[in-house]
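Secondary and tertiary structure notes
Chain by chain, the residues run as shown.
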Amino acid sequence: MLTAITRQVSPSINRCELTFHAKEPIDIPRAIAQHEAYEECLSQLGARVISLPAEADLPDAVFVEDAAIVVDEVAVSPIMGAASRRPETESLARTLSIYRLLKYMQAPATLDGGDVMRIGRRLFVGASKRTNADGISQLRAALAPFDYEVKSVNVKQCLHLKSGCSYVGRNSILVNRGMVDVTRLAGFELIDVPASEPGAANALLIEDVVIVPSAFPQTIALLDARGFKVKAIDVSEFQKAEGGVTCKSIIFNVDAAP
Ligand code: CIR
């Protein structure tokens, strides 16, 4: 069954890492309400949501996507690029070990899950400020026995690969070409985000529904006009923390609930 791991909002989220954004106060009750609506949206799309408790001293821990990479056969626990976030992996790995064989990265590798865009048995991995060449080659080595191909993609002016592009189904990738070297994405139909919404390339595909932040109406209209099923969701408080819609869950299949 489709399963989503999420984590409750940390009361310390206002101390989150910021790389490209200026600090803006995050309204915690509003963030909590938005996160509940996000989890409800995942449930309505058929996912069983496993909502882990907040990590009081880990401001960014709600962004679970960055703290593990999960494919059908195995999960990889990375060394995250930001030192403040590294303790997030431990409890997540414990939960994932119920469902998957776990592999662990070794220094000097660093990698954030937000840099990993999986399309079938191909994983495109952003060479970003958070993910280094050792991280990419250790992920490649961990997944090679299961027949996954790992390709690195250069990114610029954004935090993670999936800040700049996301797979939206139907062989199509929503992209901001100013952020992602698209030469590695040959063979896919590229859908450019409107120039007025450069941050809109982070979208979450669940089954055949593309979840897009409600802050990006032109992108929603563009996808809608192309026949995609789009669900808009308000994640304004998480955007202040440089998060989007993919980063707040890890989605995978579980054959039978243990
Ligand atoms: C960070 O800088 O790590 C967090 N403030 C935001 C992480 C967002 N993650 C993601 O989009 N995958």
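Just so it is clear, the model here is predicted, and its values are computed rather than measured.

**Some remarks on the packing of aromatic side chains**
Taken as a whole, this structure holds four aromatic pairs when the rule is applied. Measuring from ring centre to ring centre gives 6.3 Å for F63 and F238, while their planes differ by 85 degrees; the resulting arrangement is edge-to-face. Here F238 lies in helix α6 (residues 236-239) and F63 lies in the loop between β2 (48-52) and β3 (69-70), a separation of 175 residues in the sequence. Residue F63 shares its accessibility class with F238, and that shared class is buried. On the numbers, 6.3 Å between centres and 75 degrees between planes, the contact of Y167 with F188 is edge-to-face. Note that Y167 is positioned in strand β9 (residues 165-169) and F188 in the loop between β10 (172-175) and β11 (189-192), a separation of 21 residues in sequence.

**Notes on helix α2 (residues 88-96)**
Here α2 lies mainly inside the structure; seven of its nine residues are buried. Taken together, the buried positions of α2 are E88, T89, S91, L92, A93, T95 and L96. Lining the buried residues of α2 we find β1 (2-7), β2, β3, β4 (74-77), β5 (101-104) and β15 (250-253).

**So, the pairing of strand β7 (residues 122-127)**
Looking down a regular strand, the side chains alternate between one sheet face and the other. Both strand β6 (residues 116-119) and β7 contribute to a ladder of four bridges, which runs antiparallel. Residue pairing across strands places M117 opposite F124, the latter belonging to β7. Of the strand pairs in this sheet, β7 and strand β8 (residues 149-154) are connected by six bridges, and their pairing is parallel. If you follow L123 over to β8, its bridge partner there is V150. Note on the crossover from β7 through helix α3 (residues 133-143) to β8: the handedness is right-handed.

**Remarks on the sheet that holds β9**
Pairing between sheet strands relies on hydrogen bonds along the backbone, with the strands arranged either parallel or antiparallel. Overall, mixed pairing links the three strands, which are arranged β9-β10-β11 in an open sheet. Among the strands making up the open sheet, the edge pair consists of β9 and β11. The sheet shows a mean angle of 30 degrees between the axes of neighbouring strands, direction not considered. By the bridge criterion, four bridges tie β10 to β11 in an arrangement that is parallel. When the sheet's bridge partners are listed, S172 is paired in β11 with E189.

Cut-off values and rules
- Residues numbered from 1 in each chain as written.
- Predicted model: local features only at pLDDT ≥ 70, side-chain atom pairs only at ≥ 80, totals over all residues.
- Heavy atoms only, no water.
- Phe/Tyr/Trp six-rings, centres within 6.5 Å; stacked < 30°, edge-to-face > 60°.
- Helix = DSSP H or I, 4+ residues; strand = E, 2+ residues; numbered from the N terminus.
- Buried < 20%, exposed > 50% of the residue type's maximum accessible area, 1.4 Å probe, protein only.
- Contact = heavy atoms within 4.5 Å.
- Pairing = 2+ DSSP bridges.
- Right-handed = clockwise from strand over helix to strand, strands pointing away.
- Axes fitted to C-alpha atoms, helices over the stretch in contact; angles between N-to-C directions.

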